[in-house]
Structure formats: structure tokens, C-alpha cells
Amino acid sequence: MLKNTLLFFLSCLGLLISCKSGNKYADQAANNGVENKDFEATINFINEKSKTSQLKFDDYKLRALSFVSLKNYQLAINDFRHCLSLKSKDTVVINKIATSYALLSKPDSAILFYSILISMDDKNWEAYNNRGLSYLNINKFQPAMSDFTKSLRLNPNYYMSLNNMGLLNERISNYSEAIKYYTISLSKYKKNDRVYFNRAVSYMYMKQPEHALFDFDKAIELNSHESLYYLNRGMANYLLKKRNASCEDWGISVKMGNKEALQYKLQFCN
């Protein structure tokens with residue numbers, strides 16, 4: 001019954017939505033646009049400015065960050081590339097280009113820019129982790145494992161690399177090893193709902209729904225707004241012969257717009 005409904009956890013990529021420049025930014029109106037989260041106003045302001053003067057590094061960066069906040073990652077990349085034409089070794093900008101490509105589901109391009117970042121700083125454990133996740137998303141397991149291992153060698157307490165090592169082992173059906181890494185990740189940071197969910201899914205694959213149910217409960221306790229958690233907890237409850245509980249979970253998931261939960265509810269709850 002269990003389907004592979006995992007969604008990869010990209011928040012580890014660490015996008016920033018504020019611009020912190022080392023130089024004083026003269027255009028206070030544009031800065032206020034970002035502070036007020038009025039990102040479209042900021043973009044419009046900088047667009048108007050471009051009609052009368054040459055944009056500077058901070059202009060492109062601020063507009064790019066506004067595009068990121070609006071999830072318009074391609075336009076953000078265009079402006080970040082303008083930033084690189086002015087400051088070719090700006091590691092913050094390179095990281096944001098890589099991250100934007102990852103969010104556009106263009107892992108090959110993300111890998112390229114994470115690799116550039118690593119070539120500039122081979123002690124950057126986050127870059128290794130993020131490149132590893134991009135490799136994982138295109139099923140290149142060996143380089144993914146290598147990058148997660150390097151990340152953990154540099155920072156053994158980095159809970160996201162531990163989580164991603166768990167994801168990798170789950171993808172190759174090594175569920176006991178996946179659970180080991182998820183458990184270590186949770187020992188470093190206990191408030192990550194996605195790691196509880198990931199461990200629960202591995203327990204389900206190992207046909208241990210009672211352990212999975214505990215982790216689904218923890219995931220929902222930390223984040224009650226994710227329909228995927230209720231969908232999968234419903235599966236665990238069903239396997240434990242808790243039909244009412246499973247139907248209740250699928251009903252909640254349906255109300256959140258999950259179509260797969262609707263299929264289960266129609267099949268098993270009428």
C-alpha cells in the first residue's frame with residue numbers, strides 16, 4: 001500500500017530573503033521595499049532606476065533577492081549573474097545561483113555552481129551537502145554519498161547532511177541504515193518534522209507501522225499543516241487495523257487538497 005511519497009527537503013539550501021551589503025545603500029526607498037516585504041515595489045523601483053542610470057552590484061543583488069522571495073528563480077538568476085559580472089568571486093551570489101537552479105529542478109546547473117563554490121572554499125560543508133542533494137535528485141548515488149560524507153567530516157553535527165544520508169540509504173532500499181542516520185540527525189536537532197516523517201517512511205518500508213505511527217505523530221505535532229503527513233499516518237493506522245483513525249487522517253488530508261488521500265478515503269472508508 002505504501003507509496004514513495006517523499007518530498008526532498010530543500011530548506012537545507014538556506015535561501016536568504018534579506019540583502020546585507022557591506023556598503024551603504026543609497027536608495028532607501030528600495031531598501032524599505034524589502035523590509036516591508038513589498039518585493040514587487042522594490043523590483044519596480046529598481047526597474048525605473050535602470051532607465052536613468054547604470055545599475056550597480058547592490059541594485060542587481062537586491063532585485064535578485066526580491067525575485068527569489070517571489071519564487072521567480074530564473075529572473076533572480078539573471079540578476080545574480082549580473083552581480084557576478086561585477087564581482088566574479090562573490091561566494092554569496094554563487095551560492096544563491098546554485099540554490100535557485102536547485103529550486104528550478106535544474107540539478108546539473110546547481111551542481112556546476114556548487115562545484116565552483118567548493119573550488120573556492122573546500123571547507124564549506126553546506127555546499128557539499130547541497131551539491132550532494134542535487135546529485136541525489138538525479139539518482140547519482142555515489143557522488144551524493146561522497147559529498148554527504150565530506151560534509152559530515154567537516155561538520156559531524158550537521159543534521160541536514162545526516163538527514164540526507166538517510167534519504168540516500170532509503171533510495172537504495174537500505175532502510176535500517178536510513179533509520180540510523182535519521183535517528184542521529186534527530187539527536188542533533190529534535191524539532192525537524194521532515195526528519196521524523198522520513199524515518200517513519202523507512203519504518204513503513206520495514207513493515208513496522210507501530211514505530212512509524214510514533215514518528216508520524218511527532219511530525220504532525222511539529223507541523224500540522226502538511227497533508228502528506230496525515231496521508232501517510234492514515235496508512236500506518238490502517239495497517240494497525242485502526243480504521244476510524246485512518247479515515248480521519250485521510251479526511252484531514254483531503255481537506256488540505258491531497259488527491260491521493262481522497263482515493264484512499266473513497267476506497268476504504270465507505
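Before any of the text, the structure's been laid out above.
Note on numbering: residues in each chain are counted from 1, in written sequence order. Reporting in this predicted model follows two pLDDT cut-offs: at least 70 for local features of residues, and 80 or more for side-chain atom pairs to be given and counted; totals over whole chains, interfaces and linings ignore these cut-offs and use all residues. Only hydrogens and water are set aside when side-chain values are computed; all heavy atoms of the structure are taken into account.

A.B. asks: Give me the lowdown on the overall build of the protein chain, citing residues and values where you can.
C.D. replies: Per the convention used, a helix needs a DSSP run of H or I reaching at least four residues, while a strand needs a run of E reaching at least two, with both numbered from the N terminus. In terms of helices and strands, the protein chain carries 15 helices and 0 strands. With a 1.4 Å probe rolled over the protein chains alone, any residue whose accessible area is under 20% of its type maximum counts as buried; one over 50% counts as exposed, and the rest are partly exposed. Here the protein chain, with 270 residues, has 49% of them falling under the buried criterion. A contact between two residues is defined here by any heavy atoms of the two lying within 4.5 Å. Pairs at least 24 residues apart make up 51% of the contacts formed inside the protein chain by residues separated by at least 6 positions.

A.B. asks: Residue-level account of the environment of Val201, with values.
C.D. replies: Relative to the assigned elements, Val201 resides in helix H11 (residues 193-205). Each C-alpha atom of the pair Val201 and Ala236 lies 9.5 Å from the other, and the pair is 35 residues apart in sequence.

A.B. asks: Explain the state of the cysteines to me, and be specific about the residues and the numbers.
C.D. replies: The term disulfide is used for any two cysteine sulfur atoms that are within 2.5 Å. Applying the stated rule across the entire model yields 1 disulfide. Disulfide pairing is shown between Cys247 and Cys269; the S-S distance is 2.0 Å. Looking along the S-S bond of the Cys247-Cys269 disulfide, the torsion reads about -100°, which is the left-handed sense. With Cys247 in helix H14 (residues 243-255) and Cys269 in the segment after helix H15 (259-268), this pair connects stretches of sequence that are 22 residues apart.

A.B. asks: A description of the packing of helix H10 (residues 175-188) against H11 should follow, citing residues and the corresponding values.
C.D. replies: As a rule, the C-alpha atoms of each element are fitted with a line to give its axis, helices using only the stretch in contact, and angles between N-to-C directions run from 0 to 180 degrees. The contact between H10 and H11 brings their axes to 9 Å, and the two run at 155°. Relative to H11, H10 is oriented roughly antiparallel. Along this stretch, H10 crosses H11, giving a crossing that reads as left-handed. Of H11, the residues touching H10 (which contributes Tyr175, Ala178, Ile179, Tyr182, Thr183, Ser185 and Leu186) are Val195, Tyr196, Asn198, Arg199, Ser202, Tyr203 and Tyr205. Gly counts as polar in this scheme, as do all residues outside two lists: the nonpolar Ala, Val, Leu, Ile, Met, Phe, Trp, Tyr, Cys and Pro, and the charged Asp, Glu, Lys and Arg. Residues of the contact of H10 with H11, tallied by class, amount to 9 nonpolar, 4 polar and 1 charged. These descriptions rest on fixed angle ranges, namely under 35 degrees for roughly parallel, over 145 for roughly antiparallel, 65 to 115 for roughly perpendicular, and the rest for oblique. Left-handed is the label given to a crossing in which the near helix is rotated counterclockwise from the far helix by less than a right angle, and right-handed is the label when the rotation is clockwise.

A.B. asks: With reference to specific residues and values, describe the nonpolar core.
C.D. replies: Of all hydrophobic cores here, the largest spans 40 residues; its most connected members are Leu136, Phe197, Phe216, Leu231 and Trp250. The element contributing the most residues to this core is H11, with 7 residues. Counting residues in hydrophobic clusters, the runner-up holds 29 residues, among them Ala64, Leu65, Val68 and Ala102. By nonpolar core is meant a set of buried Ala, Val, Leu, Ile, Met, Phe, Trp, Tyr and Cys residues that side-chain atoms within 4.5 Å join together.

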